[in-house]
Amino acid sequence: MANQIQIFDTTLRDGEQAPGYSMNLEEKVRLARQLEILKVNVIEAGFAIASPGDSAAIEAVSDLIKECTVASLSRSLKKDIDASWKALRSAVKPRIHTFIATSDIHMEYKLKMQPEDVLQQAASMVAYARNLCPEVEFSAEDASRSSQEFLYRIFEAVIDAGARIINIPDTVGYTTPKEFGALIRGIRNNVPNIDKAVISVHCHNDLGLAVANTLEAVREGAVQLECTVNGIGERAGNAALEELIMSLKTRRDQYNVDFSIDTTRIHKTSRLLSTITGVLVQPNKAIVGANAFAHEAGIHQHGMMAHASTYEIMTPESIGLHRNTMVLGKHSGRHAFVERMKELGYTTEKSVMDEVFAQFKDLADRKKTVTDRDLEALMDTRSTLMIPTYILNQYVVNSGNTITATAAVILTKDKKNYEDVSTGDGPVDAAFNAIERITGISFTLEEYVIHAVTEGKDAQGEVSVRVSRDGKTYKGRGVSTDVIGASIKAYLFAVNNMIHEEKYETEH
Ligand code: KIV
Ligand code: ZN
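Starting from 1, residues in each chain are numbered consecutively following that chain's sequence as written. To label them, take the chains in the order written and letter them from A, then take the ligands in the order written and number them from 1. With the structure being a predicted model, the display of local features is reserved for residues of pLDDT at least 70 and the display and counting of side-chain atom pairs for 80 or more, all residues being used for whole-chain, interface and lining totals. The side-chain quantities take in all heavy atoms of the structure and omit both hydrogens and water.

Caption draft 1: Looking closely at the pairing of strand β11 (residues 391-398). Note: two strands are recorded as paired if DSSP finds a minimum of 2 bridges between them. Helix numbers and strand numbers start at the N terminus; a helix is a DSSP run of H or I with at least 4 residues, a strand a run of E with at least 2. As judged from the seven bridges shared by β11 and strand β12 (residues 405-413), these two strands associate in the antiparallel manner. What sits directly across from Val397, in β12, is Ala407. Hairpin connection, β11 to β12: the antiparallel pair is bridged by six residues.

Caption draft 2: Quick peek at a nonpolar patch on the surface. A residue counts toward a patch only above 30% relative accessible area and without a salt bridge, and it is joined to like-charged neighbours within 9 Å or, for Val, Leu, Ile, Met, Phe, Trp and Tyr, to nonpolar neighbours within 5 Å. The method behind every accessible area is Shrake-Rupley, applied with a 1.4 Å probe, and residues are considered shielded solely by the protein chains displayed. When a carboxyl oxygen of Asp or Glu is within 4 Å of a side-chain nitrogen of Lys or Arg, the pair counts as a salt bridge. Taken together, the side chains of Leu445, Tyr448, Ile450 and Val483 make up a nonpolar region of the molecular surface, amounting to roughly 300 Å² of accessible area. The dominant element in the nonpolar patch, judged by the number of residues it contributes, is strand β14 (residues 444-452), at three residues. Take Leu445: it is sitting in strand β14. When its relative accessible area of 39% is taken as the criterion, Leu445 is described as partly exposed. Burial status follows relative accessibility: with a 1.4 Å probe on protein chains alone, a residue under 20% of its type maximum counts as buried, one over 50% as exposed, and anything between as partly exposed.

Caption draft 3: View of the sheet that holds strand β5 (residues 94-101). Pairing in this closed barrel of eight strands is parallel, and the strands run β2-β3-β4-β5-β6-β7-β8-β9 around the ring. Geometrically, the sheet is characterised by an average inter-axis angle of 25° between neighbouring strands, direction not taken into account. Pairing of strand β2 (residues 6-9) with strand β3 (residues 42-46), which is carried by two bridges, proceeds in the parallel orientation. Note that in β3 the partner of Phe8 across the bridge is Val42. Here helix α8 (residues 177-190) sits on the sheet and contacts β7 (165-170) and β8 (198-203); the angle it forms with β7, its principal contact strand, is near 155°. Docked against the sheet, helix α10 (residues 241-250) engages β2 and β9 (224-227), running at close to 140° with respect to β9. Fitted lines through C-alpha atoms serve as axes, helices being fitted only where they are in contact, and the angles separating the N-to-C directions of these axes extend from 0 to 180 degrees. Every residue pair with non-hydrogen atoms within 4.5 Å of one another is taken to be in contact.

Caption draft 4: Examining the sheet that holds strand β15 (residues 461-469) more closely. Strands sit in the order β14-β15-β16 across an open sheet of three strands; the sheet is antiparallel. With partners counted over all chains shown, the strands left at the sheet margins are β14 and β16 (472-480), one partner each. Each strand of the sheet is rotated relative to its neighbour by a mean of 15°, with strand direction disregarded. In this structure, β15 lies alongside β16, joined through nine bridges in antiparallel fashion. Looking at β16, one finds that Arg469 is bridged to Lys472.

What follows is the structure in structure tokens.
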């Protein structure tokens, strides 16, 4: 019988730690919900002690998620473990994930501890965590550069202390498939009580080998695979969930393992993460890149027309990407719209459907055909929790190569309209300045990214902005067939985000 692989998703912890990928509470909750739909086994929701924001997010995810285990990371310290347990308490399936570094380099220079003290601390903190939480995972940080004999001893000790999952990270992305496979085999054969624990691996991608190393570990009996959506994470990232899963599925002949992931949710999960973070996936990225299923060369197109299997080892449909997307237009009714949304995985309250349906009708008036990608963009750029303080009512911009750009903007707040006019260095800058004059909130624009949702001159533009103020950053996103409109929506989203977060912080 095939082994059942467990997917431990750390997008919200290791992934979120990487520069440019920070998410607020609402965004983390939204992604966690999608990870549950994707059917991952474990969601690592954060590092509770790291910040009040991390702790609040773990708590919110613990409240919401019923099907997956929810984990919080902790150093091997009582205060970290207490913080994790406090945040996890309401989870149906909580897990404390505790770690300590085991390589000579880390023990000497970072921990400044003797190996025997590290071993004692690891075991006693696992026992401490195990008294609080029914499930404890232990990670030997920098395991791939640690002495194997020391790893055997520390794993034996933590399993005796109650760890049910032992994780072997390639923290700095240094190992190679053959070497990592041998390490896992060594652990399986030399840790006497290994039958009482699940072997887990956690590979970083510094040499581009994270997925290859993880797959080699599967051959050697690793059961839990730690990974992130789109491969995001510290430095060059972690093993990409979508690449691991599609490798295991496509090459089942090689790995012979089963998993619970619903692969048809992969594309949507990847897109949602990009929309939330504003970081686009490189076009040639395996599985989820825009070109992953595109066949440009004539010879390839000819082969594909003759038979898809000539150049296609997996179908786009298997990751939830539909080749012949059903097209909606301005004559499509609410029923067809709702049905299509359901097929795309959106089931939401009636009021939200009504709002997005109105946006769809507006879009269909300006764009000949509305594709699945357009519908996804309308839905994913919305905020699900935040009630916006300011709503865009109207804008007019006047711009050209011989005049100073001017923008007039009307925003609505508490049913009252506020209007202002400003000039700027181009129409987008002028509109942002007008918003600043109305709201009295000024930001530094850190990042502005625009991309077309689909092909064609009437395509929608999706804008994401990252702005900062008093050392804090806020993100916003907007979509429209008019790039100025999309930019204004994105900027206003960031303003509303800031107001929402400040309100939340004063209330909690
Ligand atoms: O890369 C690493 O070693 C980690 C551990 C904390 C699991 O992220
Ligand atoms: Zn890591």
